[in-house]
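# Remarks on the overall topology
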Amino acid sequence: MWLLILLASTMIVVALSGLYLISERSDQFDTPGRHTEVWQSYSLQLQLRELLETAQALEHGEASPAQLKIRLGTVRTALDPLLRTRVFDYLVEPRPDAMRTLARLDRRTADWMQRLDWRDPVKAAEIASRMRKTLPDEIRASHELIVACNVAVAIQLDRERQSLKQTFHWLGGFLALIATGCLVLALRILSAQRRSRRLASELHRLNSSLERRVQSRTRLLHERETLLQTILDSTPSEVTLISADQRRVFYVSHTLLMQSGAGRQEAFDLSRLFVDADDYQRLLARLDRGDTVQQLETRLYPAAPYWALLTARPLRIHGQPAWLIWSFDITRRKTMEQKLHRLATTDSLTGLYNRRALLRAAIQALREDRRAPLSLLLLDIDHFKRINDAHGHPIGDDVLKTLARRMSSWLRAGTLIGRIGGEEFAIVLPHTQAAEALAIAERLRQAVASAPVALSGQLTLSITLSIGITQRQDGDSLRTLVQRADHALYRAKAEGRNRSHLTEAPRQPAAAADI
Amino acid sequence: MSRYRLILCAWLGLWFPALGWAQSPPYPADLSLLTLFDTHDRVIDTLTLADLEALPGHQVRGPIPDNDYPESTWYGVSIRALLEHEHLLRPHSMVAAALNDYSETIPDADLTRYDPIIAYRRDGDFIPFGEYGPLIVMYPYGEHPELHTRTYYNRTVWQLSELHLK
């Protein structure tokens with residue numbers, strides 16, 4: 001690289017030097033050279049001869065002073081180029097005689113020129129006589145001048161030839177250098193081109209191999225992705241993989257997408273999937289904390305809510321936080337669960353609480369507010385055994401069912417009512433004083449007594465209730481409360497049935513003995 | 001204003017000597033300077049300075065060959081105009097001969113192309129006999145740099161005295 005730059009720089013320098021040389025030399029040839037000194041010296045001699053002839057003619061009265069002056073002017077003009085030329089510098093050995101002749105002629109002719117008048121024949125004659133005496137010697141001397149000019153011009157021409165030859169030598173050298181440089185450059189370019197072609201073919205080979213690998217890799221990835229998609233699509237669970245900022249949805253099951261109300265995956269909005277916005281916020285909060293959420297039950301699909309079990313965990317995709325949320329439809333399980341719960345807490349015949357459920361509800365009511373008044377009613381159908389015996393158990397069951405329905409409809413909503421024995425019911429009245437409870441019991445008893453139960457087959461039975469009532473006291477447990485109510489029921493039965501009996505609370509000190 | 005006046009004065013100062021109105025020649029005014037010969041070498045006309053000055057003149061720039069003087073401004077009569085004035089048909093060529101017996105042929109084509117002049121003033125002054133005068137054939141070297149060749153230097157005849165039509 002540096003070698004190339006050096007080479008190119010050298011070539012440029014050489015080319016510039018050549019150009020400089022050419023421009024310098026060509027300046028010398030801008031105007032035609034002189035080389036006319038030989039003719040000029042010859043002409044000078046000729047004019048001197050003519051001047052001499054004119055001077056002689058004037059002396060013989062055959063020429064005018066003007067003619068002499070014109071001749072002299074011609075000599076002066078012929079002298080001028082020789083006085084100004086530098087050709088004599090070329091002389092290897094100086095020729096002083098020639099130089100002296102030149103100087104003398106200049107001096108003399110200038111003097112004559114000054115003295116000669118255009119119309120003064122006397123002065124002209126005088127000068128003509130002078131000319132006639134001196135000019136023959138000058139003409140002889142001018143021969144040496146002609147020789148000197150010839151020698152000088154010959155040398156000048158040869159110097160110029162040498163200089164030109166030298167210039168050609170230099171230019172030849174420059175051209176040879178440039179040609180060498182061009183050759184080296186061409187070789188370098190050729191080798192570089194060959195190398196680059198080789199590199200390009202290698203690169204091409206590498207590229208195609210890489211492409212093949214990329215293609216196979218892509219195919220593999222695509223297959224994996226398809227497989228994953230198939231697995232996800234065919235899994236009974238619904239899945240969504242979404243960035244934590246919810247701007248990017250990597251995957252969402254078709255069902256979830258549909259349930260969220262979005263048409264496209266990009267428009268999927270997690271929050272619109274939830275029926276209960278609080279559930280959504282809770283899930284978000286836990287995921288934001290980095291927790292893995294296990295088994296979160298919630299209702300999804302606001303348009304047609306169903307129960308789902310969510311499992312969610314935060315993870316990272318391409319370095320960005322994301323959430324993987326699995327949703328499992330547990331509607332059937334939930335229904336089953338609810339059914340089981342109902343079965344476990346409900347009396348199957350009447351649909352009321354069973355004994356266990358009622359007692360649990362009573363305990364809860366007792367614990368809810370320990371200061372609040374609470375009354376418990378125990379109800380028993382008088383002589384129920386007779387109905388069973390006379391009409392059979394199905395009729396007895398019908399009676400129980402009808403009674404249960406009636407009591408439920410008469411009582412306030414929220415009143416706890418359950419069947420706790422064969423023909424025995426219990427009612428828990430929270431926030432109800434004993435007197436109020438007694439009034440309710442009486443109304444209930446009277447309503448039952450006054451409205452006979454109509455059964456299938458035009459059978460109508462009149463039934464009555466015995467009711468034991470008690471109110472919760474400080475320190476009461478469920479057991480003591482039930483015992484007291486039981487006692488009151490017993491008293492109602494003992495007192496002749498179809499009546500209510502309210503057990504007065506024992507005095508505080510006696511309570512301990514009663515328990 | 002004074003600046004313009006200065007420029008005007010300088011301009012006039014440059015041109016007035018060139019016109020040479022207040023100058024007499026360094027030779028007798030009645031001296032015949034140029035002789036015209038026809039193709040049979042018969043004299044057609046001889047011209048004095050006054051004859052030449054009577055003709056329309058123009059100026060060119062150029063050097064006197066072979067003596068290293070800087071270029072001068074020359075004023076004189078166009079040869080073409082001179083021939084027209086003499087009612088002469090344009091010759092094939094003409095030979096310009098000098099006082100020093102030098103001569104060179106000037107082809108007619110030069111008259112058309114370059115319109116050389118017979119100069120009688122150099123930088124505004126008449127030209128003495130001792131300084132290449134009184135007449136010089138001068139080409140417009142200033143306008144045509146291509147004239148700087150030996151061919152035209154040879155045709156730039158100084159001390160012109162005769163013009164032979166051929």
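Numbering of residues starts from 1 in each chain and follows the order in which that chain's sequence is written. Just so you know, chain letters begin at A and ligand numbers begin at 1, following the order they were written in. Local features in this predicted model are restricted to residues whose pLDDT is 70 or higher, and side-chain atom pairs enter the listing and the counts only when it is 80 or higher, whereas totals over whole chains, interfaces and linings include all residues. Side-chain numbers come from the whole structure's heavy atoms, not from hydrogens or water.

Looking up chain B in an unreviewed UniProt entry gives the name Oxidoreductase, with the organism given as Salinicola rhizosphaerae.

Looking at an unreviewed UniProt entry, one finds chain A named diguanylate cyclase, with Salinicola rhizosphaerae as its source organism. UniProt positions are given in the numbering used here, feature names are shortened, and annotations may be inferred rather than shown by experiment. Its UniProt record, at the heading Catalytic activity (unreviewed entry), says of chain A: "2 GTP = 3',3'-c-di-GMP + 2 diphosphate".

A word on the interface of chain A and chain B. The partner chain B presents 23 residues to the 25 residues of chain A that form the contact. Buried area, as used here, totals the accessible surface that two parts lose on assembly, with accessibility defined by a 1.4 Å probe and the loss added over both. For the chain A and chain B pair, buried surface summed over both sides reaches about 2,000 Å², with 54% attributable to carbon and sulfur atoms. For the chain A face of the interface with chain B, the top three residues by lost area are Pro32(A), Thr77(A) and Trp118(A), together amounting to 28%. We count a salt bridge whenever a side-chain nitrogen from Lys or Arg sits within 4 Å of a carboxyl oxygen from Asp or Glu. Scanning the region where chain A abuts chain B turns up one salt bridge. Counting of polar contacts relies on pairs of N or O atoms within 3.5 Å, with two restrictions inside protein: one atom must be capable of donating a hydrogen and the other of accepting it, and residues adjacent in sequence are counted only when both atoms are side-chain atoms. Counting every contact that joins chain A to chain B gives ten residue pairs in polar contact (both at pLDDT 80 or more). Residue contacts follow a heavy-atom distance rule, with two residues in contact if any of their heavy atoms lie within 4.5 Å.

With that settled, consider the domain arrangement of chain A. In this entry, domain limits derive from an automatic or database-based domain assignment. Taken domain by domain, chain A comprises domain 1 (2–189), domain 2 (235–331) and domain 3 (346–514). Domain 1 of chain A and domain 2 of chain A are separated by 111 Å when their C-alpha centres are compared.

Attention shifts here to the packing of helix H1 (residues 2–28) of chain A against helix H5 (residues 121–234) of chain A. All names here are of chain A. Note on method: axes are straight lines fitted to C-alpha atoms, helices fitted across the in-contact stretch only, with angles between N-to-C directions ranging 0 to 180 degrees. In DSSP terms, a helix is any run of H or I states spanning at least four residues, a strand is any run of E spanning at least two, and both are numbered starting from the N terminus. As a packed pair, H1 and H5 sit with axes 10 Å apart at the nearest point and diverge in direction by 155 degrees. In this view, H1 runs roughly antiparallel relative to H5, as classed from their interaxial angle. In the packing of H1 onto H5, the handedness of the crossing is left-handed. In this structure, H1 contributes Leu 4, Leu 7, Met 11, Val 14, Ala 15, Ser 17, Gly 18, Leu 21, Ile 22 and Arg 25 to the contact, and H5 contributes Ser 163, Thr 167, Trp 170, Leu 171, Phe 174, Leu 177, Ile 178, Gly 181, Cys 182, Val 184, Leu 185 and Arg 188. We call two directions roughly parallel when the angle between them is under 35 degrees, roughly antiparallel when it is over 145, roughly perpendicular when it lies between 65 and 115, and oblique otherwise. By convention the crossing between two helices is left-handed if the near helix lies anticlockwise of the far one by an angle smaller than a right angle, and right-handed if it lies clockwise.

Let us look at the sheet that holds strand E1 (residues 238–243) of chain A. Residues and elements named next belong to chain A. Each pair of strands is called paired provided DSSP finds at least two bridges between the two strands. The strand order across the open sheet formed by five strands is E2-E1-E5-E4-E3, and the pairing between neighbours is antiparallel. Every interior strand has two partners, whereas the edge strands, strand E2 (249–252) and strand E3 (293–300), have only one. Taken pair by pair, the neighbouring strands of this sheet meet at an average axis angle of 25 degrees, ignoring direction. As paired strands, strand E4 (residues 306–317) and strand E5 (residues 320–329) are joined by ten bridges and run antiparallel to one another.

Taken together, Ile12(A), Leu16(A), Leu19(A) and Ile22(A) make up a surface patch of nonpolar side chains, about 390 Å² in accessible area. For Leu19(A), the position within the fold is in helix H1. Patches were defined on residues exceeding 30% relative accessible area and lacking a salt bridge, with like-charge contacts within 9 Å and nonpolar side-chain contacts (Val, Leu, Ile, Met, Phe, Trp, Tyr) within 5 Å. Residue-level accessible areas treat just the shown protein chains as cover; the underlying method is Shrake-Rupley with a 1.4 Å probe.

Take the packing of helix H2 (residues 37–59) of chain A against helix H3 (residues 65–84) of chain A next. All names here are of chain A. Contact pair H2 / H3: the axes reach a minimum separation of 9 Å and the direction vectors enclose 160 degrees. Relative to H3, the element H2 lies roughly antiparallel. In terms of crossing hand, the pair formed by H2 and H3 is left-handed. Of H3, the residues touching H2 (which contributes Glu 37, Gln 40, Ser 41, Ser 43, Leu 44, Gln 47, Leu 48, Glu 50, Leu 51, Thr 54, Ala 55 and Leu 58) are Pro 65, Gln 67, Leu 68, Arg 71, Leu 72, Thr 74, Val 75, Ala 78, Leu 79, Pro 81 and Leu 82. Here the contact of H2 with H3 is built from residues that sort into 13 nonpolar, seven polar and three charged. By the convention adopted, Pro, Cys, Tyr, Trp, Phe, Met, Ile, Leu, Val and Ala count as nonpolar, Lys, Arg, Asp and Glu as charged, and the other residues, Gly among them, as polar.

What follows covers the nonpolar core. With 48 residues, the main nonpolar core has Trp74(B), Leu160(B) and Leu163(B) as its most contacted residues. Top element by residues in this core is strand E7 (residues 117–122) of chain B. It accounts for four residues. When sequence neighbours within four positions are dropped, the list of residues in contact with Leu163(B) reads Leu34(B), Thr35(B), Leu36(B), Phe37(B), Ile79(B), Met94(B), Val95(B), Ala96(B) and Ile118(B). We call a set of buried Ala, Val, Leu, Ile, Met, Phe, Trp, Tyr and Cys residues a nonpolar core when their side-chain atoms join them within 4.5 Å. Classification of residues uses two cut-offs on accessible area relative to the type maximum, computed with a 1.4 Å probe and protein chains only: under 20% is buried, over 50% is exposed, and between them is partly exposed. By size, the runner-up hydrophobic cluster in this structure holds 34 residues, among which are Leu51(A), Leu72(A), Leu79(A) and Leu82(A).

Take the pattern of salt bridges next. The tally for this structure, following the rule as stated, stands at 35 salt bridges over all chains. The salt bridge partner of Asp38(B) is Arg42(B), with a shortest N-O separation of 3.1 Å. Between Glu71(B) and Arg61(B) there is a salt bridge whose closest N-O contact spans 3.9 Å. Of this pair, Glu71(B) sits in the loop between strand E3 (57–62) and strand E4 (72–78) while Arg61(B) sits in strand E3; the two residues are ten residues apart in sequence, bridging distant segments of the chain. One connected set of salt bridges, linked through shared partners, spans Glu297(A), Arg333(A), Lys334(A) and Glu337(A).

Moving on, we come to the layout of surface pockets. In this approach, a probe sized like a water molecule rolls over the atoms, and the result shows the empty space that is left. Put simply, the grid is 1 Å and covers the protein atoms alone, a cavity is a trapped set of points that fit a 1.4 Å probe, a pocket is an open set with protein on both sides within 12 Å along at least five of seven lines, and lining residues have an atom within 4 Å of a point. Grid points are joined across faces, edges and corners, and a volume is the space filled by probe spheres set on the points. Considering only enclosed or pocket space, the largest pocket measures out at about 560 Å³ in volume. For the largest pocket, the lining is made up of 26 residues, of which Pro32(A), Gly33(A), Arg34(A), Gln156(A) and Asp68(B) are closest to its centre. Among the elements of the structure, H1 and H5 of chain A are those that each provide at least two residues to the lining of the largest pocket. Counting residues per element, the lining of the largest pocket draws most heavily on H5(A), at four residues. Taken together, the residues of the lining of the largest pocket sort by class into ten nonpolar, nine polar and seven charged.

On to the UniProt feature "transmembrane region" (unreviewed entry) in chain A, then. Under the feature "transmembrane region" (unreviewed entry), the UniProt entry names residues 168–190 of chain A. As annotated, residues 168–190 of chain A comprises 100% helix and 0% strand, and the C-alpha atoms at either end are separated by 32 Å.

Further remarks concern H2(A). How far a helix is expected to stretch is found by multiplying one less than its residue total by 1.5 Å. Given a rise of 1.5 Å per residue, 23 residues ought to cover 33 Å, and the 32 Å separating the end C-alpha atoms of H2(A) matches this to within 8%. Backbone geometry just downstream of H2(A) places Gly61(A) in the positive-phi region, at approximately 75 degrees.

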